[in-house]
Amino acid sequence: MTSTRPISDEIDEIDETSEAVPSQSLESPVSPVLAEVVRSGFVEGRHRGSLVVLAADGSVEWSLGDIAAPVFPRSTNKPMQAAAVLRAGLDLADERLALSAASHSGEPFHLDLVRTMLTEHGLTPEQLQTPPDLPLDPAEAESYLAAGNVRDPLAMNCSGKHTAMLAASAANGWPLDSYLDRDHPLQQLVLAGVREASGEDVVHIGTDGCGAPLMSLSLTGLARAFRHFVLAAPGTPERRVADAMRAHPEYVAGTRRPDTWLMQALPGTLSKMGAEAVQALALPDGRALAFKIDDGANRTLGPILARVLRRMGVEDPVLERIEDVPLLGGGARVGEIRAAF
């Protein structure tokens, strides 16, 4: 449960151990197989992981693997980061708030809004501390390069989140050059929000791919956090973030991304993937799920998510769309990635 110690004290304590803690001991059980790689009728590979499904009342309905061990949620933490900028007093709504919680594809409308938001808050692209990158969507990356562009911090999929963090810091007179430091006031708000939404302590803090502090959670805590967001009272930071993401899912991901398709097809659903094959989702009635694939294979997310949602009683054509991950041989379909539970 939530500690009463100052957040800065907790961060200092975590700093001493978080970078060198082994992921698991030699006695840890082997995770169950959640997905199979099937080529020409032959299972040529398997992906192991852990998964939890919560009932509407928040209790664990069923699970596979270790759902209590800490994992790095990666970009599934972004709703909690977006709620923190609202708690800091930044007034964002609609597409702007959705983009603040996004792993955007780098489509023109994403990059245009990032530029607009920077200008609105008196900021410049040079102040972004995202690493130079190409658009996340492969088709967008090809178009971006064909137009003569190069890797750029603004094109990185977390640039919307970083813009919101910069804007919240500027609005409060907090340092801009250190907005990613763990002891920065904004990152302390993020940590407090992660702990509140998940109902558990953060035992490891690392650095995400975009450079932002990354707070660990168990899969159970991550699922509870998403449930917390969809059930939060109207007008609260959590509910405002959830509502913006669900109303503008194309800004959360992109036009060719499963999170967008799910939130468009299943009204009231909050869905967000993260790097290293993490996925969290909450339905409007409070049921929620989270899973992590041990080897980080993002190609497994769609098939596994579709299988879980069907087991939860969800039926919609969008599930066929997200679960279809073909394997090619000589340019023709010869197999698939499929759920194995």
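Rules and cut-offs
- Residues numbered from 1 in each chain as written.
- Predicted model: local features only at pLDDT ≥ 70, side-chain atom pairs only at ≥ 80, totals over all residues.
- Heavy atoms only, no water.
- Helix = DSSP H or I, 4+ residues; strand = E, 2+ residues; numbered from the N terminus.
- Buried < 20%, exposed > 50% of the residue type's maximum accessible area, 1.4 Å probe, protein only.
- Contact = heavy atoms within 4.5 Å.
- Areas by Shrake-Rupley, 256 points an atom, 1.4 Å probe, with all protein chains shown as cover.
- Lys, Arg positive; Asp, Glu negative; His and termini not counted.
- Charge placed at Lys NZ, Arg CZ, Asp CG, Glu CD.
- Expected span 1.5 Å × (residues − 1).
- 1 Å grid on protein atoms, 1.4 Å probe; cavity = no way out; pocket = protein on both sides within 12 Å on 5 of 7 lines; lining within 4 Å.
- Points joined across faces, edges and corners; volume = space filled by probe spheres on them.
- Nonpolar A, V, L, I, M, F, W, Y, C, P; charged D, E, K, R; others polar.
- Pairing = 2+ DSSP bridges.
- Polar contact = N/O pair within 3.5 Å; in protein donor to acceptor, adjacent residues only side chain to side chain.
- Axes fitted to C-alpha atoms, helices over the stretch in contact; angles between N-to-C directions.
- Parallel < 35°, antiparallel > 145°, perpendicular 65-115°, else oblique.
- Left-handed = near helix turned anticlockwise from the far one by under 90°.
- Phe/Tyr/Trp six-rings, centres within 6.5 Å; stacked < 30°, edge-to-face > 60°.
- Lys NZ or Arg CZ within 6 Å of the ring centre and 35° of its normal.

K.L.:
Would you take a moment to explain the overall build of the protein chain for this structure?
P.N.:
Helices and strands together make up the secondary structure of the protein chain, namely 13 helices and 12 strands. With the C-alpha coordinates aligned to their principal axes, the bounding extent of the protein chain is approximately 60 × 50 × 40 Å. Here the protein chain holds 341 residues, and the buried ones make up 54% of them. Summarising the internal contacts of the protein chain: among those between residues at least 6 apart in sequence, 62% fall at separations of at least 24. With an accessible surface of roughly 14,100 Å², the protein chain has 51% of that area assigned to carbon and sulfur atoms. Measuring between centres, the 30 positive side-chain charges of the protein chain sit 6 Å from its 46 negative side-chain charges.

K.L.:
I'm lost on helix α6 (residues 159-172) in this one. Help?
P.N.:
Counting along an α-helix, one turn takes 3.6 residues, and residues three or four places apart therefore face a common direction. With 14 residues, α6 extends 20 Å from end C-alpha to end C-alpha; this agrees with the ideal 20 Å at 1.5 Å per step. Among the 14 residues of α6, 11 are classified as buried, and the element is accordingly described as predominantly covered. Among all positions in α6, only Ser159, Gly160, Lys161, His162, Thr163, Ala164, Met165, Leu166, Ala167, Ala168 and Ser169 are buried. Against the buried residues of α6 lie α2 (78-87), α3 (94-100), α4 (108-120) and α7 (185-198).

K.L.:
Whenever I open this one, empty space enclosed by the protein confuses me. Can you help?
P.N.:
Unoccupied space between atoms shows up once a probe the size of one water molecule is rolled over them. Within this structure, the stated rule accounts for 1 cavity of 30 Å³ or more. Elements that contribute at least two residues to the lining of the largest cavity include exactly α2 and α7. Grouping the constituent residues of the lining of the largest cavity by class yields 7 nonpolar, 1 polar and 2 charged.

K.L.:
Honestly, unusual backbone geometry in this entry has me stumped. Any pointers?
P.N.:
Working note: non-glycine residues mostly have negative phi, and peptide bonds are mostly trans. One non-glycine residue, Ser40, lies in the positive phi region at around 55°. As for its position among the elements, Ser40 is in the loop between β1 (33-39) and β2 (42-54). For Arg74, which is not glycine, the phi torsion reads 50° and is therefore positive. With respect to the element layout, Arg74 can be found in the loop between β4 (70-71) and α2.

K.L.:
Honestly, the pairing of strand β10 (residues 288-293) in this entry has me stumped. Any pointers?
P.N.:
Within β10, 6 of the 6 residues are buried, leaving the element largely enclosed by the surrounding structure. Two elements, β2 and β10, share 6 bridges in a ladder whose sense is antiparallel. The residue bridging Leu51 from the neighbouring strand is Phe291, located in β10. As paired strands, strand β9 (residues 278-282) and β10 are joined by 5 bridges and run antiparallel to one another. Bridge pairing in β10 places Ala280 opposite Ala290. From the end of β9 to the start of β10, which pair antiparallel, there are 5 residues, and Gly286 there has a positive phi angle of about 100°.

K.L.:
Even after reading the chapter, I still don't get the side chain of Ser75, so can you show me in this structure?
P.N.:
Here Ser75 shows up in the loop between β4 and α2. Residue class for Ser75 comes out buried when judged on its relative accessible area of 9%. Once you skip the residues sitting within four places of it in the chain, Ser75 turns out to touch Ser103, Asp208, Lys272, Met273, Gly274 and Ala275.

K.L.:
Please clarify how the side chain of Ser159 should be interpreted in this entry.
P.N.:
Tracing the chain through its elements places Ser159 in helix α6. Among the polar contacts listed, one links the side chain of Ser159 to the backbone oxygen of Leu154, at a separation of 2.8 Å. The contacts of Ser159, once residues within four sequence positions are left out, are His104, Val114, Leu128, Thr130, Pro153 and Leu154.

K.L.:
Please clarify how the environment of Asn298 should be interpreted in this entry.
P.N.:
On the secondary structure map, Asn298 appears in the loop between β10 and α12 (301-311). Between the C-alpha atoms of Asn298 and Glu238, which are 60 residues apart in sequence, the distance is 27 Å. Sequence-distant contacts of Asn298, defined by excluding residues within four places in its chain, comprise Met273, Gly274, Ala275, Glu276 and Ala277. A distance of 2.8 Å separates the side chain of Asn298 from the backbone nitrogen of Ala277, its partner in a polar contact.

K.L.:
Quick question: what am I supposed to make of the packing of α2 against α7 here?
P.N.:
The interhelical angle for the contact between α2 and α7, taken along N-to-C directions, is 120°, at an axis separation of 8 Å. In terms of axis orientation, α2 runs oblique to α7. The handedness of the crossing between α2 and α7 comes out as right-handed. Between α2, through Met80, Gln81, Ala84, Val85 and Arg87, and α7, the contact on the second element is made entirely by Leu186, Leu189, Val190, Val194, Glu196 and Ala197.

K.L.:
How should the packing of aromatic side chains be read in this particular structure?
P.N.:
The way to describe two aromatic rings as a pair is by their centre distance and the angle between their planes. As enumerated under the stated definition, the model contains 2 aromatic pairs in all. Consider the rings of Phe109 and Tyr251, whose centres lie 5.0 Å apart with planes at 80°: the pair is edge-to-face. Taken together, the residues Phe109 in helix α4 and Tyr251 in helix α10 (residues 249-252) connect sequence positions 142 residues apart. The ring centre of Phe341 lies 5.9 Å from the NZ or CZ of Arg307, which sits over that ring.

Everything listed here is a matter of geometry and, on its own, says nothing about what the molecule does.
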